[in-house]
Amino acid sequence: MNRPTARTAAPALLLALLPLAACGDDAADTGNADGELSGSITVAAAASLTETFEELAEQFEAEHDGVEVDLVFDSSGTLADQAAEGAPGDVLATADLRSMERAADAQADEPVVFATNDLVLVTPADNPADVTGIDSLDGADVTYVICVETAPCGGLAAEALAEAGVEREPASLEPDVKATLSRVVEDEADAGLVYRTDALAAGDDVQEIDLPERLTTEYPIVLLDQSRNAAVARAFIDFVLSTAGADVLTAAGFGTP
């Protein structure tokens, strides 16, 4: 989805701009002469939040003339580590609490859980390997993919495979859930373990299969110490936590905390 206002920044830009980052004591509450919000913020969010945060940023900008939201999407662990190292940014949203804890020293407030997500199994639309459940992943002719275990989706996938007793190794470990889904959509794998929201976003390009045991992750969001525009950043967090924000998340398949 291309939006004319909110811009998606490359993750590498966060570290490239590191010398510009300010400590929490220098964070500014930015507004115009009328007390209205203004200026830009950078929101670093888990890859699984791509579509929803693009929509949330668009709605937020529409409500606040003169505000711009720059979005950075990557694996939660990568973004949390960058935030902990002081990379420029205003808001961090991860796909699990464990990743958020890695950025504990960069948090200006207590993280707040705003959504949940479930792990599901997906196959290409025509299901060429006739996958019927997670047990099928042990089949000699089935190739499947998951996220790296350092990513929240990878941790859940490892748990699901262990619970199901699947001993066969995945064909590849992908950096995040979007990359995992792409391998399945492009018929480069017979199956993959992704979030329900990603399966929903893929639509008719995949078949979704529930797991025997429900595996859920929680999504926290927080203001960063190095924020240069704390007023706008806090307003954006409040918007994500609002009824309007919940409506966008629910429509995308996320659960409520």
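For the structure, see preceding data.
Computed from a predicted structure; not experimentally measured.

1. A short note on helix H5 (residues 152–164)
Look at H5: 19 Å from first C-alpha to last across 13 residues, which is about the 18 Å you get at 1.5 Å a residue. Count one or two residues on from H5 and you reach Gly 165, which has phi positive near 75 degrees.

2. Re the nonpolar core
Counting 66 residues, the largest nonpolar core has Leu 49, Phe 53, Phe 60, Phe 114, Leu 119 and Leu 137 as the members making the most contacts within it. The element contributing the most residues to this core is helix H8 (residues 230–241), with 8 residues. Setting aside chain neighbours within four positions, we find Phe 53 in contact with Val 43, Ala 45, Leu 71, Phe 73, Ala 93, Phe 114, Ile 221, Phe 236 and Val 240. One finds Ala 44, Leu 79, Ala 106 and Val 222 within the second-largest nonpolar core, a separate group that totals 11 residues.

3. Some points on the packing of helix H2 (residues 50–63) against helix H9 (residues 243–251)
Packed helices, taken two at a time, are described by the angle between their axes plus the distance between the axes. As a packed pair, H2 and H9 sit with axes 10 Å apart at the nearest point and diverge in direction by 150 degrees. Between H2 and H9, the crossing angle belongs to the class labelled roughly antiparallel. Judged by the twist between their axes, the crossing of H2 over H9 is right-handed. On H9, the residues that touch Thr 52, Glu 55, Leu 56 and Gln 59 of H2 are Gly 245, Val 248 and Leu 249. Classifying every residue of the contact of H2 with H9 by side-chain character gives 3 nonpolar, 3 polar and 1 charged.

4. Some points on a negative patch on the surface
Together, Asp 126, Glu 186, Asp 187, Asp 204 and Asp 205 line one region of the surface with negative charge. Relative to the helices and strands, Asp 204 resides in the loop between helix H7 (196–202) and strand S9 (206–209).

5. A look at the packing of aromatic side chains
Throughout the structure, instances matching the rule amount to 7 aromatic pairs. Aromatic pair Phe 53 and Phe 114: ring centres 5.9 Å apart, planes at 45 degrees, arrangement tilted. Taken together, the positions of Phe 53 in helix H2 and Phe 114 in strand S5 (residues 112–124) put the pair 61 residues apart, joining distant regions of the chain. For the pair formed by Phe 53 and Phe 114, the shared burial category is buried. Between Phe 60 and Phe 239 the ring centres are 6.0 Å apart and the planes differ by 50 degrees, which places this aromatic pair in the tilted class. Here Phe 60 is found in helix H2, whereas its partner Phe 239 is found in helix H8, with 179 residues between them in sequence. Take Phe 60: its relative accessible area is 1%, and that puts it in the buried class. An aromatic cluster is defined as three or more aromatic residues linked by ring pairs; in this entry it consists of Phe 53, Phe 60, Phe 114, Tyr 195, Tyr 219, Phe 236, Phe 239 and Phe 254.

6. Let's talk about the environment of Glu 159
Here Glu 159 is to be found in helix H5. Here the alpha-carbon distance between Glu 159 and Glu 149, two residues 10 residues apart in the chain, equals 9.8 Å.

7. Details of empty space enclosed by the protein
Summary: where empty space remains is shown by rolling a probe the size of a single water molecule over the atoms. Considering all chains together, one arrives at 2 cavities of 30 Å³ or more under this definition. The volume enclosed by the largest cavity comes to roughly 70 Å³. Split by residue class, the lining of the largest cavity holds 8 nonpolar, 3 polar and 2 charged.

8. Quick look at the packing of H8 against H9
Look at H8 against H9: their axes get within 4 Å of each other, and the N-to-C directions meet at 60 degrees. The orientation of H8 with respect to H9, classified from their angle, is oblique. Along the contact surface, H8 presents Phe 239, Val 240 and Leu 241, while H9 presents Thr 243, Ala 244, Gly 245, Ala 246 and Leu 249. Classifying every residue of the contact of H8 with H9 by side-chain character gives 6 nonpolar, 2 polar and no charged.

9. Considering unusual backbone geometry
At Asn 127, a position not held by glycine, the phi torsion is positive, near 45 degrees. Residue position: Asn 127 is located in the loop between S5 and strand S6 (144–147). A relative accessible area of 11% places Asn 127 in the buried class. Even without glycine at this site, Asp 187 takes up a positive phi of about 60 degrees. Examined against the element boundaries, Asp 187 turns out to sit in the loop between helix H6 (177–185) and strand S8 (191–195). Taking the relative accessible area as the measure of exposure, Asp 187 reaches 54% and is therefore exposed.

Conventions used here
Residues numbered from 1 in each chain as written. Predicted model: local features only at pLDDT ≥ 70, side-chain atom pairs only at ≥ 80, totals over all residues. Heavy atoms only, no water. Helix = DSSP H or I, 4+ residues; strand = E, 2+ residues; numbered from the N terminus. Expected span 1.5 Å × (residues − 1). Core = buried A, V, L, I, M, F, W, Y, C linked by side-chain atoms within 4.5 Å. Buried < 20%, exposed > 50% of the residue type's maximum accessible area, 1.4 Å probe, protein only. Contact = heavy atoms within 4.5 Å. Axes fitted to C-alpha atoms, helices over the stretch in contact; angles between N-to-C directions. Parallel < 35°, antiparallel > 145°, perpendicular 65-115°, else oblique. Left-handed = near helix turned anticlockwise from the far one by under 90°. Nonpolar A, V, L, I, M, F, W, Y, C, P; charged D, E, K, R; others polar. Patch = residues over 30% accessible without salt bridge, like charges linked within 9 Å, V, L, I, M, F, W, Y side chains within 5 Å. Areas by Shrake-Rupley, 256 points an atom, 1.4 Å probe, with all protein chains shown as cover. Salt bridge = Lys/Arg side-chain N within 4 Å of Asp/Glu carboxyl O. Lys, Arg positive; Asp, Glu negative; His and termini not counted. Charge placed at Lys NZ, Arg CZ, Asp CG, Glu CD. Phe/Tyr/Trp six-rings, centres within 6.5 Å; stacked < 30°, edge-to-face > 60°. 1 Å grid on protein atoms, 1.4 Å probe; cavity = no way out; pocket = protein on both sides within 12 Å on 5 of 7 lines; lining within 4 Å. Points joined across faces, edges and corners; volume = space filled by probe spheres on them.

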